[in-house]
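# Observations on the model geometry
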Amino acid sequence: QKEVEQNSGPLSVPEGAIASLNCTYSDRGSQSFFWYRQYSGKSPELIMFIYSNGDKEDGRFTAQLNKASQYVSLLIRDSQPSDSATYLCAVNPTGANSKLTFGKGITLSVRP
Amino acid sequence: GAVVSQHPSRVICKSGTSVKIECRSLDFQATTMFWYRQFPKQSLMLMATSNEGSKATYEQGVEKDKFLINHASLTLSTLTVTSAHPEDSSFYICSARAGTENSPLHFGNGTRLTVT
């Protein structure tokens, strides 16, 4: 079964710190990787997507992909209380007919 | 771009009634839309894949006769919860892609269904 694993959390960091969120996946042939943020009671919103090995930066967010080790991570620099949410890792496995596989999510709390 | 609109945002219905939820892609065409359900403090669970002009594909354990999906156009998919029961109370979210298979899913704002 194709799986996406995230640390169970919760993760608590002080304001201004770097939050590091990690995700591993089982399907080595996966092609695309996504991070979504979900505030309590709201639907997920796309934060980052990455397709190639290495880093991809967008403002305070950096996604890192290592296909050989089958992990993808999200770094949030200068964390703000407004970053407090659940972060979902999602992977597009091979042969999945475009269905994403989601991790269970990790809840991040940024302490003022 | 890539906006998915879903409504209603909240609905309360009595047990035994049916509820229809609409999902629209506002600025792109979506041949495929996905319907998810999320219970409190749990992750997203894919219910079904909605295919324009053809039957939906349901995930294992999801009753197709209870959760009716219609995808009659390239911008609209509907989910009807038939004969709703309190255990169907949940957060229902639709999503769609604006591009290729590897492009991101964009989610609607979700529908909070409460069955009394």
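Whatever comes next refers back to the structure up there.
Residues numbered from 1 in each chain as written. Chains lettered and ligands numbered in written order. Predicted model: local features only at pLDDT ≥ 70, side-chain atom pairs only at ≥ 80, totals over all residues. Heavy atoms only, no water.

So, about the overall build of chain B. A tally of regular secondary structure across chain B gives 0 helices and 11 strands. What you see in chain B, going N to C, is helices and strands ordered as β-β-β-β-β-β-β-β-β-β-β. Since a compact globule built from 116 residues should have a radius of gyration of about 13 Å, the 13 Å found for chain B is in line with a globular shape. If you line up chain B on its principal axes, its C-alpha atoms span 40 × 25 × 20 Å. Taking all 116 residues of chain B together, 49% fall into the buried category. Summarising the internal contacts of chain B: among those between residues at least 6 apart in sequence, 53% fall at separations of at least 24. Accessible area for chain B stands at about 5700 Å²; split by element, carbon and sulfur atoms hold 49% of it. A gap of 7 Å separates the mean positions of the 11 positive and 9 negative side-chain charges of chain B. (Helix = DSSP H or I, 4+ residues; strand = E, 2+ residues; numbered from the N terminus. Rg over C-alpha atoms; globule rule 2.2 N^0.38 Å. Buried < 20%, exposed > 50% of the residue type's maximum accessible area, 1.4 Å probe, protein only. Contact = heavy atoms within 4.5 Å. Areas by Shrake-Rupley, 256 points an atom, 1.4 Å probe, with all protein chains shown as cover. Lys, Arg positive; Asp, Glu negative; His and termini not counted. Charge placed at Lys NZ, Arg CZ, Asp CG, Glu CD.)

All names here are of chain A. Within this structure, the stated rule accounts for 6 salt bridges over all chains. In this structure, the salt-bridge partner of Glu45 is Arg37, at a minimum N-O distance of 3.1 Å. Overall, the relative accessible area of 33% leaves Glu45 in the partly exposed class. (Salt bridge = Lys/Arg side-chain N within 4 Å of Asp/Glu carboxyl O.)

Contacts between the two partners involve 20 residues from chain A, matched on the other side by 22 residues from chain B. The contact between chain A and chain B buries some 1500 Å² in all, and 54% of this surface belongs to carbon and sulfur atoms. Together, A:Ser43, A:Ser98 and A:Lys99 form the three largest contributors to the area buried by chain A at its contact with chain B, with a combined 30%. Its salt-bridge partner being A:Lys99, residue B:Glu59 comes within 3.0 Å of it at the nearest N-O pair. (Buried area = accessible area lost by both parts, 1.4 Å probe.)

Residue and element names in this part refer to chain A. Along the chain, Thr94 turns up in the loop between strand S9 (85–92) and strand S10 (101–102). On the basis of relative accessible area, Thr94 is assigned to the partly exposed category, the value being 33%. In this structure, the C-alpha to C-alpha distance between Thr94 and Asp83, residues 11 residues apart in sequence, is 31 Å. If we ignore the near neighbours within four places in the chain, the residues touching Thr94 are Lys2, Asp27, Gly29 and Ser30.

Before going further, it helps to spend a moment on the nonpolar core. Core analysis: the biggest nonpolar cluster contains 25 residues, and A:Trp35, A:Val72, A:Leu74, A:Ile76 and A:Tyr87 have the highest contact counts within it. Every element with two or more residues in this core is listed here: strand S3 (19–25), strand S4 (32–38), strand S5 (45–50), strand S7 (61–66), strand S8 (71–76), S9 and strand S11 (106–111) of chain A. Apart from residues lying up to four places away in sequence, A:Leu74 is in contact with A:Ala19, A:Ser20, A:Leu21, A:Trp35, A:Met48, A:Phe61, A:Thr62, A:Ala63 and A:Tyr87. Within the second largest apolar cluster, 24 residues are counted, among which are B:Cys23, B:Ala48, B:Ile69 and B:Leu79. (Core = buried A, V, L, I, M, F, W, Y, C linked by side-chain atoms within 4.5 Å.)

All names here are of chain A. Two strands pair when backbone bridges link them, and S4 and S5 are joined in this way by 5 bridges, in the antiparallel orientation. Among the inter-strand pairings, Trp35 is bridged to a residue of S5, identified as Met48. Linking S4 to S5, which pair antiparallel, is a turn of 6 residues; within it Gly41 sits at a positive phi near 80 degrees. (Pairing = 2+ DSSP bridges.)

Honestly, that's just the spatial picture; any functional story needs more than this.
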